[in-house]
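Residue-level listing of the chains:
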Amino acid sequence: MSLATSPLSPQRRRFLTDGARMAGGCLMAGSGLTWLAQDARALPANALRPPGALGEDVFLAACIRCGLCVRDCPYDTLSLARLGADGPATGTPFFTARDVPCEMCDDIPCVAACPTGALDQGLASINEARMGTAVLVDQENCLNFLGLRCDVCYRVCPVIDEAITLELSHNNRSGHHAIFAPTVHADRCTGCGKCEQACVLPEAAIKVLPVRLARGASAEHYRKGWEEMQENGGPLVDGIIDLPDRLPGPGTDNLAAPGGFEPTFKLPGAGQ
Amino acid sequence: MKPTTAAPIGREAIEARGWLAAHRFLILRRLSQVFFLALFLVGPMLGWRLVDGTLAGSRTLGVLPLTDPFVALQGIVAGHWPEAAALSGALIVLAVYALIGGRVYCSWVCPINPVTDAAHWLHDRFGLQKGWQPRRHTRLWLLGTVLVVSALTGTIAWEIVNPITMMHRAIVFGAGFAWALVLLVFVFDLAVSRRGWCGHLCPVGAFYGILGRKSLLRVTAARRAACDDCMDCFAVCPENHVIAPALRGKDGATPLILSPDCTNCGRCIDVCSVDVFAFTHRFDNHVEATPNPPPARAGTRAA
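In this report, we go over the structure that sits alongside the text. Bear in mind that the values here come from a model prediction, so they are computed numbers and not experimental data. (Residues numbered from 1 in each chain as written. Chains lettered and ligands numbered in written order. Predicted model: local features only at pLDDT ≥ 70, side-chain atom pairs only at ≥ 80, totals over all residues. Heavy atoms only, no water.)

The subject of this paragraph is the overall build of chain B. Secondary structure summary: chain B contains 16 helices and 5 strands in total. Its C-alpha radius of gyration of 20 Å places chain B within 12% of the 19 Å reference for a compact globule of 303 residues. Here the contacts in chain B between residues at least 6 apart in sequence split such that 75% fall between residues at least 24 apart. Of the roughly 13,500 Å² that chain B leaves accessible, carbon and sulfur atoms contribute 70%. (Helix = DSSP H or I, 4+ residues; strand = E, 2+ residues; numbered from the N terminus. Rg over C-alpha atoms; globule rule 2.2 N^0.38 Å. Contact = heavy atoms within 4.5 Å. Areas by Shrake-Rupley, 256 points an atom, 1.4 Å probe, with all protein chains shown as cover.)

In structure tokens form, the structure reads like this:
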């Protein structure tokens, strides 16, 4: 019998309409929730996660928003994001470096407090933490880059001379002074934010950014020729021709022979 | 309508036993709700660190971990296996509520309960229509939806909107605009759907309901023969479909309220002037016979 000739029983009809209604409602609610869940992933650039925090893609699956890390932070650095008032997903822990930076406790109490492992218990030393990476974002306003000796970011750095060094160069403006450029070394920077908090400018010239914003990444197959050469005791590929290098100075044809030797023949009047 | 049915809810119970005795479970429940909130609040307010954290996860006296099992389940579905502390905390909570009744959480602990109770009180005062009444099992569908969304997005999805933890966190850690969400639930229950949130939609309640399916602590209508059909228990019960099978059961049917929807709030015990209901355990099947059942009973049945 076809459907057209046999009317559905009322119970079956009701079951089907009810099921369809329910499924439709849940599809709407679920889509809305999915949209909100995706939206919650957008962590603002100035919000830093506590030390040992898993990557943002898995953090929201791991963090139950209990606030135990916040309670156990002895410096009140951490707080739970409030709905609509703070940027990160509501109820998740974060800190703002410019307000209260991380004091890098040796025993890392926030990580010890985390019951779920959203803050990775495997973090053995606070120096291994990567809450973000400091970036000297504004060389034009940084006092050190202007040739002054502010040095505050360098001085407050808990990993001084490793995470931030002062790199000397000639001050071309005055002609006879040095520039002590604060230089961040990302492989040592924990992202604690003390430099950003201490920067004397009204708006910090050095800022701690999430690693995803602060850093590039080299392609996996890239090799640094000079490192490989040192390890290998010679070029990895034989028969590479070393072309002449152009040397600095006036003229267009002051070339160095392979290996840096001076050319045996010099054009009269060329080079210096 | 019989005069006892027409009278305000609980009038006869108050006359029979006094106001206090006719509200004892309501008062106990409010005290319990305040108590569980206070446990979390004395830490930040007075510095006595009894319980740290929130309802989603906490640590009592620095040692005992407790985790909301529904939050933990969403996390697992989303792809993160929690550390031992959260896992054991969730198992402890699971075991306790499986024993005393899952939805005891709803009526004795959850901070949203006073909000929706207040909405219902006002709803009653204004004499509003019951409004949109989705089916009771809508919350089960929502529970499934939440788990699917958690799995798809890799997040603990319900925590993004959960008014329970939102309100609790707002009180313990600072509010933001969480109050707006709580207000939304209040307005929904008041103007859109009577008993709508806790009774029909909340997936947390649905989860705890499933959890307490075989729980030990139950309300029994052991003295159902004494029932005078005043209907006060039906009027006061937030999940009133759970009453009839026990109260109106034929001879031999269990007097226990076995529905997982029952929140063990005890209001039916409060408002009954003839003491039909009592708390007991799920193996206590005895029915008390009353020598002279009230004559009105037969008339109501026929109607």
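The rest of the description comes next.
The next point concerns unusual backbone geometry. We note that Asp151(A) has phi near 65 degrees; this positive angle belongs to a residue other than glycine. Along the chain, the position of Asp151(A) falls in the loop between β3 (133-136) and α5 (152-156). Accessibility expressed as a relative area gives 5% for Asp151(A), which makes it buried. Unusually for a residue other than glycine, Met231(B) sits at a positive phi of about 70 degrees. Positionally, Met231(B) belongs in the loop between β4 (217-220) and α13 (232-236). (Buried < 20%, exposed > 50% of the residue type's maximum accessible area, 1.4 Å probe, protein only.)

It is worth spelling out the interface of chain A and chain B at this point. Counting from both sides, the interface comprises 42 residues of chain A and, opposite them, 45 residues of chain B. Between chain A and chain B, a total of about 3,400 Å² is buried, with carbon and sulfur atoms accounting for 67% of that surface. Taken as a group, Met22(A), Leu33(A) and Arg71(A) account for 20% of the area that chain A buries against chain B, more than any other trio of residues on that side. Between chain A and chain B we count 3 salt bridges in total. Between Asp72(A) and Arg49(B) there is a salt bridge; the shortest N-O distance is 2.7 Å. Linking chain A to chain B there are 12 residue pairs in polar contact (both at pLDDT 80 or more). Looking at the side of chain A that touches chain B, the elements that each hand over two or more residues are α1 (10-39), α2 (56-62) and α3 (68-72) of chain A. (Buried area = accessible area lost by both parts, 1.4 Å probe. Salt bridge = Lys/Arg side-chain N within 4 Å of Asp/Glu carboxyl O. Polar contact = N/O pair within 3.5 Å; in protein donor to acceptor, adjacent residues only side chain to side chain.)

Let's shift gears to helix α12 (residues 203-211) of chain B. Residues and elements named next belong to chain B. Burial analysis of α12 places 8 of its 9 residues in the buried class, the great majority of the element. Within the span of α12, buried status applies to Pro203, Val204, Gly205, Ala206, Phe207, Tyr208, Gly209 and Leu211. The inward-facing, buried residues of α12 contact α4 (69-77), α5 (84-100), α6 (104-109), α8 (138-153), α9 (163-173) and α11 (196-201).

Before going further, it helps to spend a moment on the environment of Asn240(B). Residues and elements named next belong to chain B. By secondary structure assignment, the location of asparagine 240 is in the loop between α13 and α14 (244-247). Once the C-alpha coordinates of asparagine 240 and proline 69 are considered, the two residues, 171 residues apart in sequence, prove to be 27 Å apart. Sequence-distant contacts of asparagine 240, defined by excluding residues within four places in its chain, comprise Arg136 and Phe234. At 3.1 Å, the side chain of asparagine 240 forms a polar contact with the backbone oxygen of phenylalanine 234.

Quick look at the environment of Ala113(A) now. Along the chain, the position of Ala113(A) falls in helix α4 (residues 109-113). The buried category is assigned to Ala113(A), whose relative accessible area is 8%. Once you skip the residues sitting within four places of it in the chain, Ala113(A) turns out to touch Leu68(A), Cys69(A), Asp72(A) and Arg59(B).

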